[in-house]
Amino acid sequence: MIIQILLRTVVFYLLIILMLRLIGKREVGELSVVDLIVLLIIADIAVIALENLDKPSYLYIIAIITIAATQKILAFISLKSNFARLLIDGRRSIIIQEGKLNIKEMKSQRYSIDDLLSQTREKGVASLHEIEFAILETSGDLSIFLKKDANPLPIIISGEIVKDNLPILRKTEEWVNLQLKEKNKQIKDVYYANIVNDKLCILNSQQ
């Protein structure tokens, strides 16, 4: 019995490490809600496997591999599609926009001013007046851009215009298409672009 428990513990420990490498995630604080749920499910399956020694290990191993593979496939799909990425990971929330608090969005996310102040202090920002943009990421982390920093909002991701950002950036799809035409670029070939000095700036293109 003890030897069986030890063997299963080692096997599932190594399996979980392998699955984490497969998923390719970073620190816990950088995980999205979906990623965290996947990790919790895998951990629960491993615990059940250790508690039910009368059932064969391969059943639990298959379940863990299936979950990890599914997550990997969904991650690939979300990489290729903005719609899928929003559906799977959710969307980020702009808490401070052009130096102004977005109270409506804070209420929608149930994100209090105390939460904001706590996270800005953790980033070493003394006052909210220093902030041009503050973006609450899908992982729950707060990205802060000071008033001297570049515009953090992308206008094109993975070959698609980020339409939610157009009114914030005071731009239209026609403006984006005109900029692309001047650069002899097609939107489907642009992986990432934002605005620098009121011009479309393409960081790199898909090969």
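We now turn to the structure provided with this report. (Residues numbered from 1 in each chain as written. Predicted model: local features only at pLDDT ≥ 70, side-chain atom pairs only at ≥ 80, totals over all residues. Heavy atoms only, no water.)

Describing the overall build of the chain
Okay, so step 1: In terms of helices and strands, the chain carries eight helices and eight strands.
Okay, so step 2: Its C-alpha radius of gyration of 22 Å places the chain more than 25% over the 17 Å reference for a compact globule of 207 residues.
Okay, so step 3: On the principal axes, the C-alpha backbone points of the chain span a range of 70 × 45 × 25 Å.
Okay, so step 4: Contacts in the chain between residues at least 24 apart in sequence constitute 50% of all its contacts with a sequence separation of at least 6.
Okay, so step 5: Accessible surface for the chain amounts to roughly 13,200 Å². Of this, 60% is attributable to carbon and sulfur atoms.
Okay, so step 6: In the chain, 26 side chains carry a positive charge and 24 a negative one; their mean positions are 4 Å apart. (Helix = DSSP H or I, 4+ residues; strand = E, 2+ residues; numbered from the N terminus. Rg over C-alpha atoms; globule rule 2.2 N^0.38 Å. Contact = heavy atoms within 4.5 Å. Areas by Shrake-Rupley, 256 points an atom, 1.4 Å probe, with all protein chains shown as cover. Lys, Arg positive; Asp, Glu negative; His and termini not counted. Charge placed at Lys NZ, Arg CZ, Asp CG, Glu CD.)

Section: unusual backbone geometry
Okay, so step 1: The backbone of Arg110 shows a phi angle near 55°, a positive value even though the residue is not glycine.
Okay, so step 2: Within the element layout of this structure, Arg110 appears in the loop between helix H5 (103-108) and helix H6 (113-122).
Okay, so step 3: Under the relative-accessibility criterion, Arg110 is labelled exposed at 75%. (Buried < 20%, exposed > 50% of the residue type's maximum accessible area, 1.4 Å probe, protein only.)

Observations concerning the side chain of Gln179
Okay, so step 1: Locating Gln179 in the fold gives a position in helix H8 (residues 173-182).
Okay, so step 2: The residues touching Gln179, leaving out its near neighbours within four places in the chain, are Lys199 and Leu200.

With respect to the packing of helix H2 (residues 33-51) against helix H3 (residues 57-80)
Okay, so step 1: Two elements in contact, H2 and H3, have axes separated by 9 Å at closest approach and are oriented at 175°. In terms of orientation, H2 and H3 fall into the roughly antiparallel class. Touching Val34, Asp35, Val38, Ile41, Ile42, Ile45, Ala46, Ile48 and Ala49 of H2 are Tyr60, Ala63, Ile64, Ile67 and Gln71, all from H3.
Okay, so step 2: For the contact of H2 with H3, the residue count by class is twelve nonpolar, one polar and one charged. (Axes fitted to C-alpha atoms, helices over the stretch in contact; angles between N-to-C directions. Parallel < 35°, antiparallel > 145°, perpendicular 65-115°, else oblique. Nonpolar A, V, L, I, M, F, W, Y, C, P; charged D, E, K, R; others polar.)

Side note on the pattern of salt bridges
Okay, so step 1: Considering all chains together, one arrives at five salt bridges under this definition.
Okay, so step 2: For Lys171, the salt bridge identified is with Asp198, shortest N-O distance 2.4 Å. With Lys171 in the loop between helix H7 (166-169) and H8 and Asp198 in the loop between strand S7 (190-196) and strand S8 (199-205), the pair connects residues that are 27 residues apart, well separated along the chain.
Okay, so step 3: Judged by relative accessible area, which is 48%, Asp198 ranks as partly exposed. (Salt bridge = Lys/Arg side-chain N within 4 Å of Asp/Glu carboxyl O.)

Observations regarding the nonpolar core
Okay, so step 1: Leu153, Ile155, Ile156, Val176 and Leu200 are the most contacted members of the largest nonpolar core, which has 17 residues in total.
Okay, so step 2: Elements represented by at least two residues in this core include exactly strand S3 (131-136), H7, H8 and S7.
Okay, so step 3: Sequence-distant contacts of Val176, that is, excluding residues within four places in its chain, are made with Ile155, Ile156, Ile161, Leu166 and Leu200. (Core = buried A, V, L, I, M, F, W, Y, C linked by side-chain atoms within 4.5 Å.)

A short note on H8
Okay, so step 1: Among the residues making up H8, those that are buried are Trp175, Val176, Gln179 and Leu180. Buried positions in H8, seen along its axis, are confined to an arc of 135° and lie on one side of it. Pointing more than 90 degrees away from the buried face of H8 are the exposed residues Glu174, Lys181 and Glu182.
Okay, so step 2: Asn184, located one to two residues past H8, shows a positive phi value of around 55°. (Arc of directions from axis to C-beta.)

What about the environment of Tyr192?
Okay, so step 1: Note that Tyr192 resides in strand S7.
Okay, so step 2: With 36 residues separating them in the primary sequence, Tyr192 and Ile156 have C-alpha atoms 5.4 Å apart.

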